Amino acid sequence: MPRDVPEDDDWIRARQQEIGQRIQAERVRQNLIQETVFLAAGLDRRTLQAIEAGIANPTLETLLRLTYVLDVSLADLVR
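The following paragraphs examine the structure supplied in this document. Computed from a predicted model, the values in this text were never measured in an experiment. One numbering rule holds for all chains: residues counted from 1, following each sequence as written. Reporting of local features is limited, given that this is a predicted model, to residues whose pLDDT is at least 70; pairs of side-chain atoms are given and counted only at 80 or more, and all residues count toward the totals for whole chains, interfaces and linings. Side-chain descriptors were evaluated using all non-hydrogen atoms of the structure, hydrogens and water having been removed beforehand.

For the rest of this paragraph, the subject is the overall build of the chain. A count of helical and extended segments in the chain gives five helices and zero strands. Note on conventions: DSSP H or I runs of at least 4 residues are helices, E runs of at least 2 residues are strands, and numbering of each starts at the N terminus. Seen in sequence order, the chain has helices and strands lined up from the N terminus as α-α-α-α-α. Considering only C-alpha atoms, the chain reaches an extent of 40 × 25 × 20 Å along its principal axes. Of all 79 residues assigned to the chain, the portion counted as buried reaches 32%. Look at the contacts in the chain between residues 6 or more apart in sequence, and 58% of them connect residues 24 or more apart. Buried means the residue's accessible area, taken with a 1.4 Å probe over protein chains only, is under 20% of the maximum for its type, while exposed means over 50%, and partly exposed covers the values in between. By the convention used here, residues are in contact when the closest approach between their heavy atoms is within 4.5 Å.

See below:
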């Protein structure tokens, strides 16, 4: 049986922050600067900064671009 979605969207913002932190942690782990990643992924600087800060709502396409560039699975980022 499916769960009911909470009435507020705080849980969404919390998940966005977690995903952004995972992306940033993986980038740092690989010793990559933001510029290297956003250029390789075909994104602009502000988009990557907002994703890593947890204030953006990235599309699936954007997440897939980042997983490709960072060579990680989508599941690792959104778990």
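So that's the structure; there's more coming.
Looking now at the nonpolar core. Take the buried Ala, Val, Leu, Ile, Met, Phe, Trp, Tyr and Cys residues and link them wherever side-chain atoms come within 4.5 Å; each set so joined is a nonpolar core. Ile23, Val37, Leu43, Leu48, Ile51, Leu66 and Leu70 are the most contacted members of the largest nonpolar core, which totals 15 residues. Elements represented by at least two residues in this core include exactly α1 (10-29), α2 (34-41), α3 (45-53) and α4 (60-70). Once residues lying within four places of it in the same chain are set aside, the contact partners of leucine 48 are Ile23, Gln34, Val37, Phe38 and Leu66.

Let's shift gears to the side chain of glutamate 52. Relative to the helices and strands, glutamate 52 resides in helix α3. A residue is classified by how much of its surface remains accessible, and glutamate 52, at 6% relative accessible area, is buried. Leave out the neighbours within four places in its chain, and glutamate 52 touches Gly20, Gln21, Ile23, Gln24, Arg27 and Gln34.

This paragraph deals with α2. Listed in full, the buried residues belonging to α2 are Gln34, Val37, Phe38 and Ala41. Across the axial projection of α2, the buried residues extend over an arc of 90°, all falling on one side. Of the residues in α2, the exposed ones pointing more than 90 degrees away from the buried face are Leu39 and Ala40. Close packing links the buried residues of α2 with α1, α3 and α4. Directions are taken from the helix axis to each C-beta atom, and the arc is the one they span.

Attention now goes to a nonpolar patch on the surface. A grouping of Val5, Trp11 and Ile12 is seen on the molecular surface, where their side chains present a nonpolar patch of about 280 Å² in accessible area. Relative to the assigned elements, isoleucine 12 resides in helix α1. The class for isoleucine 12 is partly exposed, based on a relative accessible area of 32%. Here the term patch refers to residues with relative accessible area over 30% and no salt bridge, with like charges joined within 9 Å and nonpolar side chains (Val, Leu, Ile, Met, Phe, Trp, Tyr) within 5 Å. The method behind every accessible area is Shrake-Rupley, applied with a 1.4 Å probe, and residues are considered shielded solely by the protein chains displayed. When a carboxyl oxygen of Asp or Glu lies within 4 Å of a side-chain nitrogen of Lys or Arg, that pair is called a salt bridge.

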